Amino acid sequence: MQKISKRAFSKNSSRAIVNINFFRYIIVKVRTKNADFFIDFRTVNQEIVGGANDYFMKSPDKKLQRMRGGLLFFLALFFLFPRISGTIEAQEHPNSPVFKDYKPPSPTTLIKPSDLDYELWENFMLIRSANAGDAAAQHELGLRYFLGKGFPRDTVKAAYWIHKSAEQKFLIAQYNYGIFLNNGWGVEWNPFEAYDYFRLAARRGMAEAEFMSGIFFTDNLAVPRNLDSAYDWIKKSSIGGYEPAKEVLAQLEKRGVHEKSDSTSTGSKSLSDTIAPASSSRQLSSQKTAQTVLEPVLLDFNNNDTSSHVDDLTLLKEALREGSPEFRNALGMTNIFEDSSHIANGTQGDTDASLVTVVQRAADEGSPEAQTVLGRMYERGIGVRKNILHAAMEYISAIRLDSRRAPALLWRLIHKENFMDEVTAKALKNDPEAEYVLAGLAAIGFDYDLSGTQAFQLLQSAAGQNYLPAVVETGNCYFSGRWVTQDKKKAMSLWNYAASLGSEEARIRYAASSVVTSSGSDVDSLAITFLDSASQKGSVLAEVALAYCYETGSGVTKNSGEAVRLYRSAAQRGNESAYRSLERMYDAIRPKEKEFQVVEE
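Residues numbered from 1 in each chain as written. Predicted model: local features only at pLDDT ≥ 70, side-chain atom pairs only at ≥ 80, totals over all residues. Heavy atoms only, no water.

### Overview of the overall build of the protein
- Regarding its fold elements, the protein presents 28 helices and three strands.
- The buried share of the protein, reckoned over its 601 residues, is 48%.
- Pairs at least 24 residues apart make up 57% of the contacts formed inside the protein by residues separated by at least 6 positions.
- Surface exposure of the protein reaches about 30700 Å², of which carbon and sulfur atoms provide 51%. (Helix = DSSP H or I, 4+ residues; strand = E, 2+ residues; numbered from the N terminus. Buried < 20%, exposed > 50% of the residue type's maximum accessible area, 1.4 Å probe, protein only. Contact = heavy atoms within 4.5 Å. Areas by Shrake-Rupley, 256 points an atom, 1.4 Å probe, with all protein chains shown as cover.)

What follows is the structure in structure tokens.
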């Protein structure tokens, strides 16, 4: 605090300005002709009396004594009415808090409540509003429980509050509660009730709900398959700007599904356009990144599509979607398939060897998409040396895992000139890969020249040379009873042997068979952990086995929603067993209403 002489007060002072800041201290600002001086009284009780007396009361200067009464009046005025503080100087000084261009002379820290206190207060008010029946607050509270924002993560409470909001016809809540029902989050899994909620929101123009309503008409599970209705709903959603709808619409149009009538729909509202609290305008996402947005299950298990064209881009997209993070990263960084002119000429691509290693590893893990991509690479000599026989082997391996794309590729491959002659000639020389390919063609019905006995003999010959795909396939024959008397123990023994030689698919088959054939209490927890890891790496077999565990509660807590998610993912990849399991689960809880009655196609 700067000392001020009596002379400065008597000759130069014009007025005193007092500021009080939150009752902590009082600053008396005295303006002179030369400079502004601040007299800082740090406590209200002591400094006002002591400091003021020092400067004013004891001064012999008559003028300063006369200022005493006015100064104390101002002190009292500002002490009783602190909000007046700061406005006196503003009348003349442009650098003032009442002007928009005001900038503090030095950095300051605003006094604000702690984040924890504010969050507790906000949560308290939110709960109070939700209990009072505010639909938006109920939905927001449900989201916070689901996301663990300000509350412990609790899907049961999340479902409860979002349901309360949906009952009041809050649009976003209707859609989100349908998501909860369809995934079994915090409530019993019930796709039929979910369909009702999606339909309610769709009829109110929500693009996301329109998409979900359309998807229900594609899989013949909850409601009868009706691709025309699916197309209409999904097109409305696409017009509303929902990106997943645009992608699925293109898929439907590729399959020849088009709009039947001229029922041009108006633009739909997307979720982000709906009037709602800012933090409520987002969709839910699963803790395990489970798909809340379904995809169509457009499968025909009764015949192989051997004539349809399979483009490279489709193969890559499916492989990217279903592969492990490492696999997706590898495919995303390198363009495996060169332009058509290079492919036609069979020239070597610039694919790095590490990419081929990643694709091979994913194929070994049991990813039919990776096996199909690898077959394509060997067929065209992209990144690897061209090998038609090995390409056929990869396609057959993919078909054994219910690949949707491999049948058409294999069919075209085997009808190339001299293919069968070359393979047969190699098989006669006991080439294990050729023997496996001929047996595989017989197994999938692409070659009727071989009997089942002959095909099995070829497999045994290849397996006897420790050709791992043949060892695994021989185990498949014993497990299913195809071509031989069923013997599951023999199958397990063969898979165990192949696994010891390094076959990852054999390890997965062994683990999957062990959990499926064991009772719930006898399931090995290590097998569950292994299947979970293999599923994340892209193995469709592990995915189906893990779904079975969740469906039956074998080795894990029973969870119908998680089982359906895994079954659906496998079914979308072409797995017939997964689709049949979905049918079984839907039929077990199917309502009696006519709209939910479906017939097997």
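### Focus on the packing of aromatic side chains
- Throughout the structure, instances matching the rule amount to 20 aromatic pairs.
- Here Phe 146 and Phe 180 contribute two aromatic rings whose centre-to-centre distance is 5.2 Å and whose plane-to-plane angle is 65°, an arrangement assigned as edge-to-face. With Phe 146 in helix α5 (residues 135-147) and Phe 180 in helix α7 (residues 171-183), the pair connects residues that are 34 residues apart, well separated along the chain.
- Classification of Phe 180 as buried rests on a relative accessible area of 0%.
- The interplanar angle of 90° and the centroid separation of 5.1 Å between the aromatic rings of Trp 189 and Tyr 586 together place this pair among those described as edge-to-face. In this pair, Trp 189 is assigned in the loop between α7 and α8 (191-203) and Tyr 586 in helix α28 (residues 576-588), connecting sequence segments 397 residues apart. The pair formed by Trp 189 and Tyr 586 is uniform in burial state, with each residue classed as buried.
- Clustering of aromatic rings is evident, with ring pairs tying together Tyr 175, Trp 189, Phe 192, Tyr 195, Phe 198, Phe 216, Phe 217, Tyr 586 and Phe 596.
- Lys 488 extends its terminal NZ or CZ atom over the ring of Phe 479, reaching a point 5.0 Å from the ring centre. (Phe/Tyr/Trp six-rings, centres within 6.5 Å; stacked < 30°, edge-to-face > 60°. Lys NZ or Arg CZ within 6 Å of the ring centre and 35° of its normal.)

### Quick notes on unusual backbone geometry
- Within the chain, Lys 169 stands out as a residue other than glycine whose phi angle is a positive 65°.
- You can see Lys 169 is positioned in the loop between α6 (155-167) and α7.
- On the accessibility criterion, Lys 169 (61% relative accessible area) is exposed.
- In this structure, Asn 466 takes a positive phi of about 60° despite not being glycine.
- Of note, Asn 466 is situated in the loop between α21 (452-464) and α22 (468-480).

### Some thoughts on the pattern of salt bridges
- Under the defined criterion, the tally for this structure stands at 21 salt bridges.
- A salt bridge links Arg 573 to Glu 369; the nearest nitrogen and oxygen atoms lie 2.7 Å apart. In this pair, Arg 573 sits in the loop between α27 (560-572) and α28 while Glu 369 sits in helix α16 (residues 368-380), placing the two residues 204 residues apart along the sequence. No difference in accessibility class separates Arg 573 from Glu 369, as the two residues are buried.
- Close ionic contact of Glu 505 with Arg 509 constitutes a salt bridge, the shortest N to O distance being 3.0 Å. Of the two residues, Glu 505 and Arg 509 are both situated in helix α24 (residues 504-517); the distance of four residues between them amounts to about one turn of the helix. Of the two residues examined, Glu 505 and Arg 509, each falls in the buried class.
- Among the charged side chains, a network of salt bridges with common partners joins Arg 400, Glu 473, Arg 482, Glu 505 and Arg 509. (Salt bridge = Lys/Arg side-chain N within 4 Å of Asp/Glu carboxyl O.)

### Some details on the packing of helix α23 (residues 488-500) against α24
- Contact pair α23 / α24: the axes reach a minimum separation of 8 Å and the direction vectors enclose 145°. Considering only the axes of α23 and α24, their crossing is left-handed. Where α23 abuts α24, its residues Met 492, Trp 495, Asn 496, Ala 498 and Ala 499 lie against Ala 506, Arg 507, Arg 509, Tyr 510, Ser 513 and Ser 514. (Axes fitted to C-alpha atoms, helices over the stretch in contact; angles between N-to-C directions. Left-handed = near helix turned anticlockwise from the far one by under 90°.)

### Here we look at the side chain of Glu 435
- If you trace the backbone, Glu 435 turns up in helix α20 (residues 432-443).
- Buried charged residue Glu 435 carries no salt bridge. Nearest counter-charge: Lys 429, at 13 Å.
- One polar contact links the side chain of Glu 435 to the main-chain amide nitrogen of Ala 462, over a distance of 3.3 Å.
- Those residues in contact with Glu 435 that lie beyond four places of it in its chain are Ala 427, Asn 430, Leu 458, Ser 461, Ala 462 and Gln 465. (Lys, Arg positive; Asp, Glu negative; His and termini not counted. Polar contact = N/O pair within 3.5 Å; in protein donor to acceptor, adjacent residues only side chain to side chain.)

### Some remarks on α6
- With 13 residues, α6 should cover 18 Å at 1.5 Å per step; its first-to-last C-alpha distance of 18 Å lies within 8% of that length.
- Those residues of α6 not exposed but buried are Thr 155, Ala 158, Ala 159, Trp 161, Ile 162, Ser 165 and Ala 166.
- N-capping of α6 is provided by Asp 154, with a side-chain oxygen placed 3.0 Å from the backbone N of Val 156.
- Note on α6: the residue one or two positions beyond its end, Lys 169, has a positive phi of about 65°. (Expected span 1.5 Å × (residues − 1).)

### Things to note about the environment of Asn 190
- In this fold, Asn 190 is placed in the loop between α7 and α8.
- Residue Asn 190 is classed as partly exposed on the basis of its relative accessible area, which comes to 24%.
- Spatially, the C-alpha atoms of Asn 190 and Ala 222 are 9.7 Å apart, while their sequence positions differ by 32 residues.
- Apart from the residues within four sequence positions on either side, Asn 190 is in contact with Leu 181 and Ile 589.

### Digging into the side chain of Glu 433
- The residue Glu 433 is located in helix α20 in this model.
- Buried charged residue Glu 433 carries no salt bridge. Nearest counter-charge: Lys 426, at 6.8 Å.
- In terms of polar contacts, Glu 433 uses its side chain to reach the side chain of His 390, at 2.6 Å.
- A polar contact of 3.3 Å, which involves the side chain of Glu 433, links it to the side chain of Tyr 467.
- Setting aside anything within four residues of it in sequence, one finds Glu 433 in contact with Leu 389, His 390, Met 393 and Tyr 467.

### Observations concerning α8
- With 13 residues, α8 extends 18 Å between its outermost C-alpha atoms, agreeing within 8% with the 18 Å of an ideal straight helix rising 1.5 Å per residue.
- For α8, the complete set of buried residues consists of Pro 191, Phe 192, Ala 194, Tyr 195, Tyr 197, Phe 198, Arg 199, Ala 201 and Ala 202.
- Where the residues of α8 are buried, they touch α6, α7, α9 (207-216), α10 (227-239) and α28.
- The N-capping residue of α8, defined by a side-chain oxygen 3.2 Å from the backbone nitrogen of Phe 192, is Asn 190.
- In the stretch just after α8, Gly 205 is the one whose phi turns positive, near 90°.

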